[in-house]
Amino acid sequence: MDATQESEASPLGPLGGKFIYKKNKDGTINKNKVICTFCEKEFSYHRSSSSLTYHLNAKHFRTSSTSTATTASATVSSLRQPTLAKFGKRMSKVTTDKLTNSIAKWVAADCRPISIVEDEGLKEAFRIASSDSNFQLPSRTTVMKRIHQLYSHERTAKEELLAGACHVALTGDHWTSVSDHNYLGVTAHLIDVGWKLKSFALTASKTVTRHYADACAEQFDAVTKEWEIENKVTTIGTDSARNMVAAARQLPFQHIPCAAHMLQRTITVCLEDGSFDTALAKCRKIVGHFKHSPASMEELHLQQTALGQAREPLVQDVSTRWNSTLSMISRYLRNHEAVNATLATQKHKLATLTNLECDRLQKLEVVLEPCKYVTELLGGESYVSCSVLLPVLCHLNRVMDPTDEDPAYMIKFKTTFKKEIDARTANINNRWLKVASALDPRFKDLKSIHRKERDEVWTWIEEMLRGSEGGPAAPQPIEDEPAAKKSLLLLSSDSDSDSDMDEQEPLARYKAEPCIGMNECPLEWWAAHAGAYEKLSSLARKYLATPATSVPCERLFSLTDLPQRHVWRKEEVEVSSDQELCNQEVKSSVDQEDPDLLHLKEEPEELHSNVTALMSELNAKLQRRGVFVHETCSFVTAFMRKMQLLSRQLDSNTLTHMPTLKEAMPSADRLHCVDKAPSDVQLELKILQSDLMLAEHFKSASVLDFFSALKEEVFPHMKKHAQKMLVLFGSTYTL
């Protein structure tokens, strides 16, 4: 074989691979012929590359330069000394995946923005915690994918849990966000095979239909069908709104009105009765004085420190925030001495509370404390609450019994409370609640209901055991114990029955069982005695899984940080919604001053959007930099005139004004009546109004340019007056 034709040689040619050797037909390489890799042109090669270099520079200069630079850069990079960071401790892939899942779960569960994974501070914190200086947070796309994966896994687990349950209870409610978006929330509650109470959300979806009863019923029914539990749902808990009550009547489930709503509404009615109006109004004014003044709050903290008290702010009550009135009273009374000492050093027009009024608030605090306890007790979702409702209502009735030491205003409050709570609980599902209390080993003595009604409750349960209302028995956990051992466990159950108890009916044996302590868990009792009462335990699963309130559903919106009006959260008692009350007061004052605008609140949403657009336009103008005081006045005057025009046209059923109002601009006439101007500029204003050239210049030029162009000898007073007025600004947004 010729020396220039080698079968084992590499085809890579001269000039760094920009030319390759030509292959012969038999597969050997001819080193006397080369081919350009850019244009595939063939050249003769005799160990001289001058002609090849000329070809590259003439035909492929830019391409060959880029390739050369890349090759050189790669060569330099390969020769560069590695840094210490490359040899540091690196996290394993398993640890990184676990961390990515944890971040995705944190973002989803705590409602964090996806962009948080791009924060440099968070990245630095993870690097320090992991001792990995090269650690990189997962991208937004990765986090979103993991969130969807976690949701799929969680939904599958919940579907399996619902599939294994025989009875499911629901709570539902509608909410409206600040941006006027409607949301439907539904939660599920059941007792699983291991006698553990499970509560979780089924949906928190956005809705677009109005909250009519028919629409609400259809939405609830759609949720049950989506999760395939329409034949397992026993109850649905909602508030006492008329649309919810009407929707519940259309559903095939038992309706459990929210007891917490009834209780809080009763308290509101009692407080509005007049006995505590003056004391509460003074207390709100004092609390508002400190809440709106950081300097006053700091002085209060200094007084608290001087008196040896904890530094804590006062709490303002909100009518829609449960237990907020009690929180305000308790915090004020606890800091009463420090508040008075602080107010004594300030100039104010506040009316302080007298000793008699403070005594009234103390008595009110005493009777509201049990109401707060009951609200918190019934609002739980991790323990049985339905069977507790009747006993706690009985307890509240005893607390509200008037005594001989009660003054007249407390007797009036307690009497009104008992009357209101009795009227509101008259429409509650008493049969369901009585059966639930009977199936709770803590309250099966039924002392919370009248003695004559107790036999009727046991009759209901006996009928359910004979019939099919109890439903099929729930699946029992798989155990490896032999049958003989199970029989011994059943015989050794905690019971004070006689020797012939085995021959009695299960219901009679259950009634003969002693009541357990109030601090013991009824589900643990049923887990230990389910084998002895198979049908009765199925009823217990059905009735004890029902929540006493709709708070679990409302807490769902609280966890998502959507605005709520009446959700209770134990850990949050401080209120920061003073602006809402202020807005309500401003709105009411505007309605009183301009009765012609009252009917605007009842018009369709199209009108609301137009009014909102005009208000937004006015707000934007008032917040601009460099707005003078006369311009502010013009803006507000123009806005009020638009509102009056809108009102008059609505009265005449003229609806074609909508596009016109959106495009309306304030009047360009900035000259006011001459008679209202200062006397020294009235003559100059007449001259100015008579000059058409100046009038045109006024419309096209800015205020400063216009007045600077006026002649000093013709308009001396006007220019002086303009200099005085134009240094004033209409708002503090200039700063």
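This text goes with the structure placed above it.
Procedures and definitions
- Residues numbered from 1 in each chain as written.
- Predicted model: local features only at pLDDT ≥ 70, side-chain atom pairs only at ≥ 80, totals over all residues.
- Heavy atoms only, no water.
- Pairing = 2+ DSSP bridges.
- Helix = DSSP H or I, 4+ residues; strand = E, 2+ residues; numbered from the N terminus.
- Right-handed = clockwise from strand over helix to strand, strands pointing away.
- Axes fitted to C-alpha atoms, helices over the stretch in contact; angles between N-to-C directions.
- Patch = residues over 30% accessible without salt bridge, like charges linked within 9 Å, V, L, I, M, F, W, Y side chains within 5 Å.
- Areas by Shrake-Rupley, 256 points an atom, 1.4 Å probe, with all protein chains shown as cover.
- Salt bridge = Lys/Arg side-chain N within 4 Å of Asp/Glu carboxyl O.
- Core = buried A, V, L, I, M, F, W, Y, C linked by side-chain atoms within 4.5 Å.
- Buried < 20%, exposed > 50% of the residue type's maximum accessible area, 1.4 Å probe, protein only.
- Contact = heavy atoms within 4.5 Å.
- Polar contact = N/O pair within 3.5 Å; in protein donor to acceptor, adjacent residues only side chain to side chain.

Here's the deal with the pairing of strand β9 (residues 254-257)
Relative to β9, strand β8 (residues 233-238) is paired through four bridges, and the arrangement is parallel. Paired with Gly 237 across the bridge in β9 is Ile 256. At this point the chain moves from β8, through helix α8 (residues 242-250), to the parallel β9, and the crossover so formed is right-handed.

Some thoughts on the sheet that holds strand β6 (residues 182-191)
Taken in spatial order, the five strands make up an open sheet running β7-β6-β5-β8-β9, and their pairing is mixed. Here the strands that pair on one side only, and so sit at the sheet edges, are β7 (197-207) and β9. Strand-to-strand twist across the sheet, computed as the mean angle between neighbouring axes with direction ignored, equals 25 degrees. Note: strand β5 (residues 168-176) against β6, eight bridges, orientation antiparallel. Within the sheet, the bridge partner assigned to Thr 176 lies in β6 and is Asn 182.

Comments concerning a nonpolar patch on the surface
A contiguous nonpolar patch, built from Leu 683, Ile 687 and Val 714 and spanning about 260 Å² of accessible area, is present on the exposed surface. Take Ile 687: it is sitting in helix α28 (residues 682-690).

Details of the nonpolar core
Judged by nonpolar contacts, the single largest core of 82 residues is most densely connected at Leu 364, Leu 389, Phe 413, Phe 417, Ile 461, Trp 526 and Leu 536. Per-element tally for this core: the top contributor is helix α14 (residues 355-378), with eight residues. With residues up to four places along the chain from it excluded, the contact list for Ile 461 reads Val 435, Ala 438, Leu 439, Leu 507, Leu 536 and Leu 539. Counting residues in hydrophobic clusters, the runner-up holds 24 residues, among them Ala 213, Val 223, Trp 227 and Ile 236.

Focus: the side chain of Arg 155
With respect to the helices and strands, Arg 155 occurs in helix α6 (residues 140-163). By relative accessible area, Arg 155 is classed as buried at 17%. At 3.3 Å, the side chain of Arg 155 forms a polar contact with the side chain of Glu 226. Not counting chain neighbours up to four residues away, the residues in contact with Arg 155 comprise Glu 226 and Trp 227.

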